[in-house]
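Inside the fold
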Amino acid sequence: MTIACLEMLSFGLAHLVRAARAAGERIVLLTGVEELYLHELAKLPPEAIQVVAVDTNDREAVSQALRAIEDLRGLISSTDTWGVTGAELAVELGLPGIDPAVIRLARDKSRVRDLLHGSRLSPFPAFAVDDVASLSLDELAAAVGLPAVVKDTAGTSSRNVWLVRDADDFARLQRQAAGATLFGRLFAEPFLAGPVYSAETVTWAGRTRMLGMSSRLMSPQPWFREDVTAFPVALPPDEFRAVEDWLGDVLAVLGYTDRFAHVELAMTADGPRLIEVNPRIGGALVGESMCRALDVNVYGGMIDLALGRRPRLLDMPLGGGPAVAFVLAYPDRSGDLVAVHGLDDIARYPGRPEWYPTRAVGASIEHLNDGRGYVGILLAEGPTAEIATHRAVAAAGAVRVETRPAC
């Protein structure tokens, strides 16, 4: 029997294929960008997965490709870009899955903010920025205060996110937003002062379990680039349960069922405050980190959900593996990727460091201040997330990304 994937995150495909095999299923990957998965496919024997080339931006072509799979039992769509399409096609094909309206809601950060504010789970509503050119700094300050964050309602990878602290930041917002390609529309909200984390959760029939929290070390303001992540954060037990209960309330208000979630939050002086809900498993190497630290293939939960059955992750004991941290490697300047130096040296460092490439030599790197700019990820292990972070950062210091100006 077969489970189809409508694209995937850059990493995790090999774990998913192994989880499917353990459940007696096979995976068919529908993709228009097979080169994105070359690192993952290289880990698998050729017969382990079937790759179907299709324009995944063409909904009808995807529908036809899915209908051509005779023994199709489930559909996985675990990306921001194809989340809604996948949920809709699952309904059309009579496959298990979450209500597409819930994915549409979760993908609209402004609507989520307003809904949670109305339910007293967020202290402020969203402020619509219908025309950034006609917006004034005084109007923005009166609506949400300063510093403010202006961002795309459906953005990903920290794209189209602006911090506004003063007139210079406001001028930058107006200048850059005028030429930005948005996935949704702009809105504003107060800046949340505090360290950023992401909660990794799985939900079934309204019950949510927090599998753990990932830390985030961010670039200096005014950017929101993610530089270092570690898992699992060692929260005190009472605080862990309090955050888990709060997350359950947040996801329940959204009508969230039968899905992983990657929930970004800030730990402010007033407690946890939601940044956004991503209706998927965590990206980059978050899934890899969970598999190692929790000592279980968490992608088995994705297989369970695709088949419409209660994920075993809700009940099984978790833990026992090493903590993990990873560093996203960015070049110092934009241009074409020439080489990544120092990879032969990282084996000398503790924590079994590994390099996960995300861009090939020759790739054009244009954006250095968001998730489009990194060319690879350096991962290391440790007995705690803190020590894993120290090891990953130390090993990443040996790596240098070389670019040359684009012709």
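Residues numbered from 1 in each chain as written. Predicted model: local features only at pLDDT ≥ 70, side-chain atom pairs only at ≥ 80, totals over all residues. Heavy atoms only, no water.

**Overview of the state of the cysteines**
According to the stated counting rule, one finds zero disulfides in the structure shown. Cysteine Cys 5 remains unbridged, with the sulfur of Cys 291 as its closest cysteine sulfur at 14 Å. For Cys 291, a relative accessible area of 9% translates into the label buried. (Disulfide = S-S within 2.5 Å. Buried < 20%, exposed > 50% of the residue type's maximum accessible area, 1.4 Å probe, protein only.)

**Quick notes on the packing of aromatic side chains**
Enumeration according to the criterion identifies three aromatic pairs in this entry. Ring geometry for Phe 11 versus Tyr 356: centroids 5.5 Å apart, planes at 90 degrees, classification edge-to-face. With Phe 11 in the loop between β1 (2–6) and α1 (13–22) and Tyr 356 in strand β16 (residues 354–357), the pair connects residues that are 345 residues apart, well separated along the chain. Geometrically, the ring pair formed by Tyr 330 and Tyr 374 is edge-to-face, given 5.9 Å between the ring centres and 75 degrees between the ring planes. Of this pair, Tyr 330 sits in the loop between β14 (323–329) and β15 (335–341) while Tyr 374 is found in the loop between β17 (364–365) and β18 (376–382), placing the two residues 44 residues apart along the sequence. For the residue pair Tyr 330 and Tyr 374, the accessibility class agrees, reading buried in each case. One cation-aromatic arrangement involves Arg 225 over Tyr 330; the distance from NZ or CZ to the ring centre is 3.8 Å. (Phe/Tyr/Trp six-rings, centres within 6.5 Å; stacked < 30°, edge-to-face > 60°. Helix = DSSP H or I, 4+ residues; strand = E, 2+ residues; numbered from the N terminus. Lys NZ or Arg CZ within 6 Å of the ring centre and 35° of its normal.)

**A few points about helix α6 (residues 109–118)**
Taken together, the buried positions of α6 are occupied by Lys 109, Ser 110, Val 112, Arg 113 and Leu 116. Down the axis of α6, the buried set is contained in an arc of 160 degrees. They therefore lie on one face. Just past α6, the residue Arg 120 takes up positive phi, approximately 65 degrees. (Arc of directions from axis to C-beta.)

**Side note on the pattern of salt bridges**
Taken as a whole and assessed by the stated rule, the structure comprises 25 salt bridges. For Asp 169, the salt bridge is made with Arg 165, and the minimal N-O distance between the two is 2.6 Å. Among the residues examined, Arg 165 registers a relative accessible area of 34% and is labelled partly exposed. (Salt bridge = Lys/Arg side-chain N within 4 Å of Asp/Glu carboxyl O.)

**Considerations on the nonpolar core**
Judged by nonpolar contacts, the single largest core of 49 residues is most densely connected at Leu 16, Ile 27, Val 298 and Ile 303. Listed by contribution, the elements that provide at least two residues to this core are β1, α1, β2 (26–31), β9 (196–204), α10 (286–294), α11 (299–306), β14 and β18. If you tally residues by element for this core, the top one is α1, at six residues. Not counting chain neighbours up to four residues away, the residues in contact with Leu 16 comprise Cys 5, Met 8, Ile 27, Ile 76, Tyr 299, Met 302 and Ile 303. Core analysis: the second largest hydrophobic core is formed by 25 residues, Leu 235, Leu 251, Leu 274 and Val 277 among them. (Core = buried A, V, L, I, M, F, W, Y, C linked by side-chain atoms within 4.5 Å. Contact = heavy atoms within 4.5 Å.)

**Quick look at empty space enclosed by the protein**
Under the counting rule described, the total for this entry stands at one cavity of 30 Å³ or more. Computed from the structure, the largest cavity encloses a volume of approximately 60 Å³. Taken together, Ala 106, Lys 109, Val 112, Arg 113, Lys 151, Phe 187, Glu 189, Leu 274, Ile 275, Glu 276 and Val 277 make up the lining of the largest cavity. Elements with a minimum of two residues in the lining of the largest cavity: α6, β8 (186–190) and β13 (271–278). Residue contributions to the lining of the largest cavity peak at four residues, all from β13. Here the residues of the lining of the largest cavity are counted per class, giving six nonpolar, no polar and five charged. (1 Å grid on protein atoms, 1.4 Å probe; cavity = no way out; pocket = protein on both sides within 12 Å on 5 of 7 lines; lining within 4 Å. Points joined across faces, edges and corners; volume = space filled by probe spheres on them. Nonpolar A, V, L, I, M, F, W, Y, C, P; charged D, E, K, R; others polar.)

**Regarding the side chain of Glu 276**
Relative to the helices and strands, Glu 276 is located in strand β13. For Glu 276, the contacting residues outside a window of four places in its chain are Lys 109, Lys 151, His 262, Val 263 and Glu 264.

**A word on the sheet that holds β16**
In spatial order, the strands read β13-β12-β9-β10-β11-β14-β18-β16; together these eight strands make up an open sheet with antiparallel pairing. Bordering the open sheet on either side are β13 and β16, each of which pairs with just one other strand. Pairs of neighbouring strands in the sheet enclose a mean axial angle of 25 degrees, with direction left out of account. Bridge count for strand β11 (residues 226–231) against β14 is four bridges, and the pairing is antiparallel. Within β14, the position partnered with Ala 230 by the bridge is Ala 325. (Pairing = 2+ DSSP bridges. Axes fitted to C-alpha atoms, helices over the stretch in contact; angles between N-to-C directions.)

**Section: the pairing of β13**
The element β13 is largely enclosed, with a buried count of six among its eight residues. With seven bridges joining them, strand β12 (residues 259–268) and β13 adopt antiparallel strand pairing. In the sheet register, Leu 265 faces β13, and the bridge partner there is Leu 274. Where β12 hands over to β13, the hairpin turn is made up of two residues, counted between the paired strands.

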